[in-house]
Amino acid sequence: MAGQSQVQETIHQLHEGTDFMKIIEKSSKKYNRKFTLSKDFLYITYSPSKKPPSKARISVEDIREIRQGQETDGFKKSKVRNKYPKDNSFSLIVGAESHNINLVAPTPEAAKNWVQGLRWAKKKAQNIDVREKQALWIKETFRKADINQDGKVDFEETVKLLRKMNMIVDKSHAKKVFQTADRTNASSGDKSSDNVLDENEFVEFYRTITERSELRDLFKSYAGEDDYWTPEEFTDFMHKEQKSTEGFHEFAAEQEPAPKKAHRFGRSKPKVDDSNERYEITPKWCESVIDAYEPTEEIRKKKILSYDGFLMFMKGPNGKLFNPFHSTVYQDMKQPLTHYFIASSHNTYLQKDQLRGPSSVEAYIQALQRGCRCVEMDVWDGPDDDPIIYHGHTLTSKIKFKDVVEAVDKYAFEATPYPVILSLENHCSVPQQAVMAKYLKDILGDKLYMQPVRKDGQMPSPEDLKERILIKMQKLPEPTTSEDSAANLTNMETELEGDVSEEDEAADLEVEDEEIKKKMELEKKQSKKRISSTSSISNKSQKKKVKLAKELSDTVVLFKSVGFKGFKYAKENYQFFEMSSLVEGKALDLATKSSSAPDFVEHSKRFFSRIYPAGRRTNSSNYNPVKMWNVGAQIVALNYQTPCTEMDINIGKFQQNGKSGYILKPVFLRKSNMQFNPNKPDDQYTQKLTLRIISGQQFPKPDREVIDPYVKVTLYGVNSEQEYKTSVVDDNGFNPTWDFEENFDVKCPELALLRFAVYDKDVTTDDFIGQYTIPVASIQMGYHHVPLLSANGADLSPASLFVHTLMSAP
């Protein structure tokens, strides 16, 4: 009881509000702000503010992280942070762009209460059911339209509000629905409510005016003469329309799990999360779904499903296009690491371009929180014998290597427990390499994987390496005699000869701006002076030799970087833990030539390959990763900071397997006895996907005008890219209907991805509205909703598409 009482007291303090000091990055200014948690726990208001009250608020659901102390870039770069105790400080990381709100409370207790209270409120917001979430979204829209804040809107204000919501309606029809909604509270005798709607009445008005005829017709086709579904009719719908024999139900704890079956494309499915078990779809399962989604208690007790309950079900996990089972780790995680695609970042420290953009520890935190499992560090000598990270020879800002390692230690396994690879591009002198090694060992401790290489010549599995951090870098050759060993131990360093240009990606940058070129040349000369003073690089021959500290070399176990000399050379000379990095142009050339693509596939079955963007991509643009995955390349590194189609594809691919950052490659990219050429795939790998785009719902507006939407859908497959567009629907971004159908020939469904993109047709350039990318292997059959994401990955809920899919033989 004492614990419950303490929670209530904490929440009471948040409801009452607290005066904070808001800290601004790189500024000595500070602002007094009072923050208050709303009574429904859904948003925080702040004052004073130049914004209207309806906008001076932060949605609790938009808060990605509540970070204690002074651990954000905003705090670290503030000119006044040292004036305030760390115990009084915390930060809110908000939205898809991870905006930092840095706050200092009057006391440590107040800071602690807000951190604990907001974490509780965030959990509460995440557990709201579908119907309540919809009602809250409608009410939030209502409040923004309620200009005089009296909690009511008249008919004209309602029509304006609908237009703001991207909807044009027939006024006479809207008037009738408005009057019906207004009468819902007329029995109370409150005459003042006539001809106006309060929040609750507006919710009912909205739900009526946005009637989904396509869903109503679908529901009626299985309801017979009644206006409800029995469990048997529900089961019939799931089997016939959704082609489902197994169902996902987060509330069905008492159901008997379905018998284990082979995955549709032949993968095994080790169960990881007991709360997301598969259940056989039977009338009993449907009863449990009715109990969870039917909003009317009287109907729920009769074990039948109304149309409203069906709507809620179709907006839940089973009603989404993405297979809910794939939101858990469903693949076999006990295969060798080489058998997996790994979510990978290029120049992770950068937040913008490759030449003069800012470097940030926050960029590593964001990448790790998004499930990225391979991050890159370009490490150079820093002042005071403290190594730094930045894009060498450029004007990008510098951050401390130690700060990044500390962030990795804290955030590596927050999103997923599977191993993290640190791809180190080492440019340090021997003394600072020793500092690097010390930081890695002291900060990461037992997380740092330094076990001896397995004698069976095989990589350990992701399961074996859970919560372990691996280093990818050059490594000293193993001593061949006892004398060599003694010499190494005496010197503690030796020369490692090799083609290190592959480990100096900044050297490949293509810069056109003359002013930037001059500044970069100056930076390069200064860098060479620093390095030559410590004699870390020897230029006795044309081929570079770098001195590598044994302490740092010893941290490399499973990912030894070596120069690429061809697939034949690798097959004859590589050990299983040796790998090469290839620039995108070289990799694409090898992947698309019929003569070399099969060799690339075979190479990737035994050895790791890392692909990285070309030097000409100084604006941090990305290449299409699909062709690299099609030859089995495991580490396909992209610029995570850049919103683009290529990153949409990457995020879409890695949402499967529980966003673990590891995806088991198809069997033909793993087994040595199976031949595969991605440029000439056999017909046995082909299936036909029939896609019907029926309608759209509640698209956001890029400006004040009602939009004219259309959908572009693209299939990224093996040796094939197919694209189709729907027609344009004029003046309707709220509930446009297309009923568009097209067939796709899908070669190798396990490798294919489907991208939906919604645009607003314009005279000059069409405006991007939202997109969603999904692995074809994760598509559910039948009728489902497709959620939409913004360019930077933010959820645009309740915006969606309604589609029907069917997979069949060609």
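Basis of the calculations
Residues numbered from 1 in each chain as written. Predicted model: local features only at pLDDT ≥ 70, side-chain atom pairs only at ≥ 80, totals over all residues. Heavy atoms only, no water. Buried < 20%, exposed > 50% of the residue type's maximum accessible area, 1.4 Å probe, protein only. Helix = DSSP H or I, 4+ residues; strand = E, 2+ residues; numbered from the N terminus. Arc of directions from axis to C-beta. Contact = heavy atoms within 4.5 Å. pLDDT = per-residue confidence, 0-100. Pairing = 2+ DSSP bridges. Axes fitted to C-alpha atoms, helices over the stretch in contact; angles between N-to-C directions. Polar contact = N/O pair within 3.5 Å; in protein donor to acceptor, adjacent residues only side chain to side chain.

S.K.: When you look at helix H9 (residues 231–240) in this model, what are you seeing that I'm missing?
M.R.: Owing to its 3.6 residues per turn, the α-helix brings residues three or four apart onto one side. Residues of H9 that are buried include every one of Pro231, Phe234, Thr235, Phe237 and Met238, and no others. Buried residues along H9 cover an arc of 160 degrees about the axis, so they all sit on one side. Looking at the buried positions of H9, the neighbouring elements they touch are helix H8 (213–223), helix H10 (283–293) and helix H12 (307–314).

S.K.: Sorry, what's going on with the environment of leucine 691 here?
M.R.: Within the fold, leucine 691 resides in strand E26 (residues 686–697). For leucine 691, a relative accessible area of 1% corresponds to the buried category. Remark: the alpha-carbon pair of leucine 691 and glycine 782, spanning 91 residues in sequence, is separated by 9.7 Å.

S.K.: I'm lost on the confidence of the model for the protein chain in this one. Help?
M.R.: Parts of the model with low pLDDT should not have their predicted coordinates read in detail. Considering every residue of the protein chain, the mean pLDDT works out to 85; 85% of them sit at 70 or more. Predicted confidence is poor over residues 533–543, with pLDDT under 50, and the contacts of this stretch with residues over four places away or in other chains come to 20 contacts.

S.K.: Help me understand the sheet that holds strand E3 (residues 43–47), please; the structure alone is not making it clear to me.
M.R.: Two orientations exist for strands paired in a sheet by backbone hydrogen bonds: parallel and antiparallel. Taken in spatial order, the seven strands make up an open sheet running E4-E3-E2-E1-E7-E6-E5, and their pairing is antiparallel. At either margin of the open sheet sits one strand with a lone partner, and together these are strand E4 (57–59) and strand E5 (63–68). Averaged over neighbouring strand pairs, the angle between their axes works out to 30 degrees when direction is ignored.

S.K.: Teacher, can you tell me more about the side chain of asparagine 426 here?
M.R.: Along the chain, the position of asparagine 426 falls in strand E16 (residues 420–426). Of note is the side chain of asparagine 426, whose polar atom sits 3.0 Å from the backbone nitrogen of cysteine 428. Residue contacts for asparagine 426: discarding those within four places in its chain leaves Val379, Gln433, Met436, Met473, Leu548 and Leu552.

S.K.: It is not clear to me how the pairing of strand E31 (residues 767–775) should be interpreted in this structure. Could you clarify?
M.R.: Residues in a regular strand project their side chains so that they alternate between the two faces of the sheet. Counting buried positions over the nine residues of E31 gives seven, a clear majority of the element. Here eight bridges tie strand E30 (residues 753–760) to E31, and the two strands are oriented antiparallel to one another. Paired with tyrosine 759 across the strands is phenylalanine 768, a residue of E31. In textbook terms, the turn of a hairpin is the stretch between consecutive antiparallel strands, and for E30 and E31 this stretch comprises six residues.

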